[in-house]
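If you want the building blocks of each chain, they are given just below.
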2 protein chains.
Amino acid sequence: MSSVRGGGTAGPALILERSCDLFRDRGYADTSMADIAAACGLTKAGIYHHFASKEAILEGVLNQLDRDFLGPLADLGRDPGAMAAFTVSFFEHSGGCVAAQTAMETARRADGPRRRLEAFFLRWRDLVAAALPAAAGQTPATRAEDWIARVEGAVLWLKFFGDPGPLRRAGEALAGGKV
Amino acid sequence: MSSVRGGGTAGPALILERSCDLFRDRGYADTSMADIAAACGLTKAGIYHHFASKEAILEGVLNQLDRDFLGPLADLGRDPGAMAAFTVSFFEHSGGCVAAQTAMETARRADGPRRRLEAFFLRWRDLVAAALPAAAGQTPATRAEDWIARVEGAVLWLKFFGDPGPLRRAGEALAGGKV
DNA sequence: AATTAAATACCGACCGTTCGGTAGGCTGTC
DNA sequence: GACAGCCTACCGAACGGTCGGTATTTAATT
């Protein structure tokens, strides 16, 4: 049996998962390495054995978000209804969005996770745009931006009030072509 | 002549203004009392002469947001077009939203600015809802929530990408009754 | 008009705590 | 015995906040 002292099987995967939860719920700046270590049943030094820095953990978290969110979203092809359902379900179950959280916290800094986050949002936009025809004088890209903005605002509402209403209605709007 | 040591006329009003900019741009957790002091041309002790704590400053900032944003918005009566124009202009000029920023950072904490922020968002929703008729099986309240969510997401997009497109289109949607 | 006491606004220096990060040692497995 | 995995103990810096003291302004008193 492997040496388990804390609550779960330690290692990079667990650290990334717990860090993602903490960054999403409490914010990146407000989450300390000691918080992450405690959530993993380790000490800070134990975390630094697997990751070189706090920012390296954030990068890993965003990479995992690419795999867990944008990947499956891309696999859904060009079906707006399926994309809407997956998106709503994903954010409703996690109760927030790490990307939006860290984007808000680091928006005015040129360094760090900036480029990583830009890539995330633009790829998300392109994925949504590919499933959308042009309509009402809007390009698919601007329609996708508007829908993503609505979703991120709805996720903030969900996180703050615990009310999934705006998020679900955003999903219905995309599925119904009313974006 | 009054004793001016720093860049501007010091005092609670200046502290609130500079703190609002910092909280909005860099986030509440990432803004230190030393940052606020430097932005006002004072020392930390000078700040604590006017405010009891960092959280007291945040409360003052949110009170000022009530006066500067919700107040004028309420004065516009029930004209969706005027409300949309004022809202877009307000957020585009400030480049972000302190309320959304602090809501994201403190959402999972029951204490502190929670109630203050709840009151802000609900009053904002009620103000928008009062200017909106029921339509498409939606109550004015849910239509207002959806529009506010869209605006807040658009403000995030503006802050992160510097692109006011989604915010302006959100304004046009409200003005055109297409929410 | 001059003197003075109180209050205001502010500073430099410092408090205990927490931050991200590091050094070196221990322990179990191959 | 080499190495992964994790520990205790610690570092300098920065955090929110406090303290005693000092210019400056204001108001009352003479």
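Predicted, not measured: the structure shown is a model, and the values here were computed from it. (Residues numbered from 1 in each chain as written. Chains lettered and ligands numbered in written order. Predicted model: local features only at pLDDT ≥ 70, side-chain atom pairs only at ≥ 80, totals over all residues.)

1. Considerations on the overall build of chain A
Step number 1: Of regular secondary structure, chain A possesses nine helices and zero strands.
Step number 2: In chain A, the succession of α and β elements from N to C terminus is α-α-α-α-α-α-α-α-α.
Step number 3: For 179 residues, the compact-globule estimate of 2.2 N^0.38 gives 16 Å, and the C-alpha radius of gyration of chain A, at 18 Å, lies within 12% of that figure.
Step number 4: The principal-axis extents of the C-alpha atoms in chain A amount to approximately 60 × 35 × 30 Å.
Step number 5: Counting across all 179 residues of chain A, residues that qualify as buried make up 41%. (Helix = DSSP H or I, 4+ residues; strand = E, 2+ residues; numbered from the N terminus. Rg over C-alpha atoms; globule rule 2.2 N^0.38 Å. Buried ≥ 20, exposed ≤ 12 C-beta atoms within 10 Å, placed from the backbone.)

2. Examining the protein's contact with DNA strand C
Step number 1: A:Ser32, B:Ala10, B:Leu42, B:Ala45 and B:Gly46 are the nearest of the 18 residues found near DNA strand C.
Step number 2: Sort the elements by how many residues they give to the surface near DNA strand C and helix 3 (residues 44–50) of chain B lands first, with four residues.
Step number 3: Split into classes, the residues belonging to the surface near DNA strand C amount to seven nonpolar, seven polar and four charged. (Near = placed C-beta within 6 Å. Nonpolar A, V, L, I, M, F, W, Y, C, P; charged D, E, K, R; others polar.)

3. So, the protein's contact with DNA strand D
Step number 1: Near DNA strand D you find 19 residues, and of these A:Ala10, A:Ala45, A:Gly46, B:Ser32 and B:Ala45 are the closest.
Step number 2: Elements with a contribution of two residues or more to the surface near DNA strand D: helix 3 (44–50) of chain A together with helix 2 (33–40) and helix 3 of chain B.
Step number 3: When residues in the surface near DNA strand D are grouped by element, the largest group, four residues, is from helix 3 of chain A.
Step number 4: Split into classes, the residues belonging to the surface near DNA strand D amount to seven nonpolar, eight polar and four charged.

4. Structural notes on the relation of the copies chain B and chain A
Step number 1: Of the two same-sequence chains, chain B is brought onto chain A (RMSD 0.0 Å, axial shift 0.0 Å) by a rotation of 180 degrees. The symmetry that links the two subunits is that of a two-fold axis.
Step number 2: Both copies contact each other with a shared surface, as 100% of the interface residues of chain B are interface residues in chain A too. (Least-squares fit on C-alpha atoms with pLDDT ≥ 70 in both. Contact = placed C-beta atoms within 7 Å.)

5. Regarding helix 9 (residues 165–175) of chain A
Step number 1: Taken together, the buried positions of helix 9 of chain A are occupied by A:Pro166, A:Leu167, A:Ala170, A:Gly171 and A:Leu174. Taken down its axis, helix 9 of chain A places every buried residue within 145 degrees of arc, on the same side.
Step number 2: Against the buried residues of helix 9 of chain A lie helix 5 (80–94) and helix 8 (140–161) of chain A together with helix 8 (140–161) of chain B.
Step number 3: Note on helix 9 of chain A: the residue one or two positions beyond its end, A:Gly177, has a positive phi of about 75 degrees. (Arc of directions from axis to C-beta.)

6. Let's talk about the domain arrangement of chain A
All names here are of chain A.
Step number 1: Domain annotation for chain A reports domain 1 (2–51) and domain 2 (55–175).
Step number 2: A C-alpha centroid distance of 25 Å is found between domain 1 and domain 2.
Step number 3: Here the side of domain 1 that touches domain 2 is composed, by residue class, of seven nonpolar, two polar and two charged. (Domains from an automatic or database assignment.)

7. Some thoughts on the interface of chain B and chain A
Step number 1: Every contact between the two is made by 28 residues of chain B and, on the other side, 28 residues of chain A.
Step number 2: Counting residues per element, the ones that place at least two in the side of chain B that touches chain A are helix 1 (12–26), helix 6 (98–106), helix 8 and helix 9 (165–175) of chain B.
Step number 3: Per-element tally for the side of chain B that touches chain A: the top contributor is helix 8 of chain B, with 13 residues.
Step number 4: Of the residues assigned to the side of chain B that touches chain A, the class counts are twelve nonpolar, five polar and eleven charged.

8. So, the packing of helix 1 (residues 12–26) of chain A against helix 6 (residues 98–106) of chain A
How two helices pack is summed up by the angle between their axes together with the distance between the axes.
Residues and elements named next belong to chain A.
Step number 1: In contact at an axis separation of 8 Å, helix 1 and helix 6 are set at 55 degrees when each is read in the N-to-C sense. In terms of axis orientation, helix 1 runs oblique to helix 6. Along this stretch, helix 1 crosses helix 6, giving a crossing that reads as left-handed. Here helix 1 contributes Cys20, Phe23 and Arg24 to the contact with helix 6, which in turn contributes Val98, Gln101 and Thr102.
Step number 2: Along the lines of polarity and charge, the residues of the contact of helix 1 with helix 6 split into three nonpolar, two polar and one charged. (Axes fitted to C-alpha atoms, helices over the stretch in contact; angles between N-to-C directions. Parallel < 35°, antiparallel > 145°, perpendicular 65-115°, else oblique. Left-handed = near helix turned anticlockwise from the far one by under 90°.)

9. Observations regarding the environment of B:Asp163
All names here are of chain B.
Step number 1: One can find Asp163 in the loop between helix 8 and helix 9.
Step number 2: Among the residues examined, Asp163 registers 13 C-beta atoms within 10 Å and is labelled partly exposed.
Step number 3: Considered as a pair, Asp163 and Lys44 are 119 residues apart in the sequence and their alpha carbons are 35 Å apart.
Step number 4: Contacts of Asp163, omitting those with residues within four sequence positions, involve Trp157 and Leu158.

10. Notes on the environment of B:Ala131
Step number 1: Relative to the assigned elements, B:Ala131 resides in the loop between helix 7 (114–130) and helix 8.
Step number 2: Aside from chain neighbours lying at most four places away, what touches B:Ala131 is B:Arg78, B:Asp79, B:Pro80 and B:Met83.

11. Focus on helix 2 of chain B
Structural remark: α-helix, 3.6 residues per turn; residues separated by three or four positions point the same way.
Residues and elements named next belong to chain B.
Step number 1: Burial in helix 2 covers these residues: Ile36, Ala39 and Cys40. Take helix 2 and look down its axis: the buried residues cluster within an arc of 95 degrees, on one side only.
Step number 2: For helix 2, the secondary structure elements touched by its buried residues are helix 1 and helix 3.
Step number 3: Count one or two residues on from helix 2 and you reach Gly41, which has phi positive near 70 degrees.

12. Description of the confidence of the model for chain A
A low pLDDT means the predicted coordinates there should not be read in detail.
Step number 1: When the pLDDT values of chain A are averaged, the result is 92; 95% of them are 70 or greater.
Step number 2: Considering only residues more than four positions removed or in separate chains, one finds that residues 1–8 of chain A, a stretch of pLDDT under 50, has nine contacts. (pLDDT = per-residue confidence, 0-100.)

13. Focus on the packing of helix 8 of chain A against helix 9 of chain B
Step number 1: In the contact formed by helix 8 of chain A and helix 9 of chain B, the axes pass within 10 Å of each other and the chain directions differ by 85 degrees. For the element pair helix 8 of chain A / helix 9 of chain B, the angle class is roughly perpendicular. Side by side, helix 8 of chain A and helix 9 of chain B meet where A:Thr142, A:Glu145, A:Asp146 and A:Ala149 of the first sit next to B:Gly165, B:Pro166 and B:Arg169 of the second.
Step number 2: A breakdown of the residues in the contact of helix 8 of chain A with helix 9 of chain B according to their chemical character gives two nonpolar, two polar and three charged.

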